Each structure stands twice: as structure tokens, then as C-alpha cells.
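Take a look at the letters that make up each chain.
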Amino acid sequence: MNPSFQLFSLFIILIFGTNFSYAQKSIKGKIIDAESRSALPFVHIAWEGRESEGTISDIDGLFSISICDQCTILKLSYVGYTEKSVHIDSLDLNGEIII
């Protein structure tokens, strides 16, 4: 097989593979403590009914979770806090969730 054809084929595969990976949408935000207004790291965030497929906020309280077609409620849990449910329509423009 022609080496230039192989290189061209690899290039096409990489381009299409990259486009498909960007097709997934996600919700991004930050988890904040209600009293101290500080970021909360390691908060578990998951869609209601799909708790095993969740994510964890990073050291700065930032998180990103893939959008689920029929999911509308995020469940947040953190040691020492009451579990909180947040409807995605109630998220503020900054993506901050206060618990």
C-alpha cells in the first residue's frame, strides 16, 4: 500500500475521531460551601438514578459531567453535608452550586 495513502487515511481517521469526541456535551460548574463561600473539593456529583456514573469535583470545587438525555436532577453528596438535589434549570449562569 502506498505510504502517502496510509498517512492520508490516518489523518482522516484522526479528524473524524476528534469531531465525534467533541459531540458529547457536558455541564460544568463549581461547588461552593454556603457559609464560608469556599470551594468544596471531592464532592460526588451524579444524575439522579445513575449515581454510579457520577464524577467528583476537583481540588478547586470544579466539575464537569456529561449530559444525560433524560436526566434533569443532579445529586450532590459530601461527607458532613446533607445530600442535595439540584434541577438543571435552577443552575445559575456561573454554574455555581451552593451546598
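Residue positions are given per chain, counting from 1 as you read along its sequence in written order. Where totals are concerned, whole chains, interfaces and linings use all residues; where local detail is concerned, this predicted model gives features only for residues with pLDDT of at least 70, and gives and counts side-chain atom pairs only at 80 or more. Excluded from the side-chain calculation are hydrogens and water; included are all heavy atoms of the structure.

A. Spatial organisation of the environment of I32. By secondary structure assignment, the location of I32 is in strand β1 (residues 26-32). Three exposure classes are used, based on accessible area relative to the maximum for each residue type with a 1.4 Å probe and protein chains only: buried under 20%, partly exposed in between, and exposed over 50%. Looking at I32, the relative accessible area reads 5%, which means it is buried. When the C-alpha positions of I32 and D60 are compared, they lie 9.5 Å apart, and in sequence the two are 28 residues distant. Labels follow the DSSP assignment, with helices taken as runs of H or I lasting at least four residues and strands as runs of E lasting at least two, numbered in each case from the N terminus.

B. Region of the structure containing the sheet that holds strand β7 (residues 96-98). With mixed pairing, three strands are arranged side by side in an open sheet as β4-β1-β7. Looking at which strands have only one partner, the edges of the open sheet turn out to be β4 (62-66) and β7. Within the sheet, the average angular offset between the axes of one strand and its neighbour, ignoring direction, is 35°. For two strands to pair, DSSP has to find at least two bridges joining them. When β1 meets β4, the two strands line up antiparallel, connected through five bridges. Directly across from K28, in β4, lies its bridge partner S64. Here the axes come from fitting lines to C-alpha atoms, over the contacting stretch only for helices, and the angles between their N-to-C directions go from 0 to 180 degrees.

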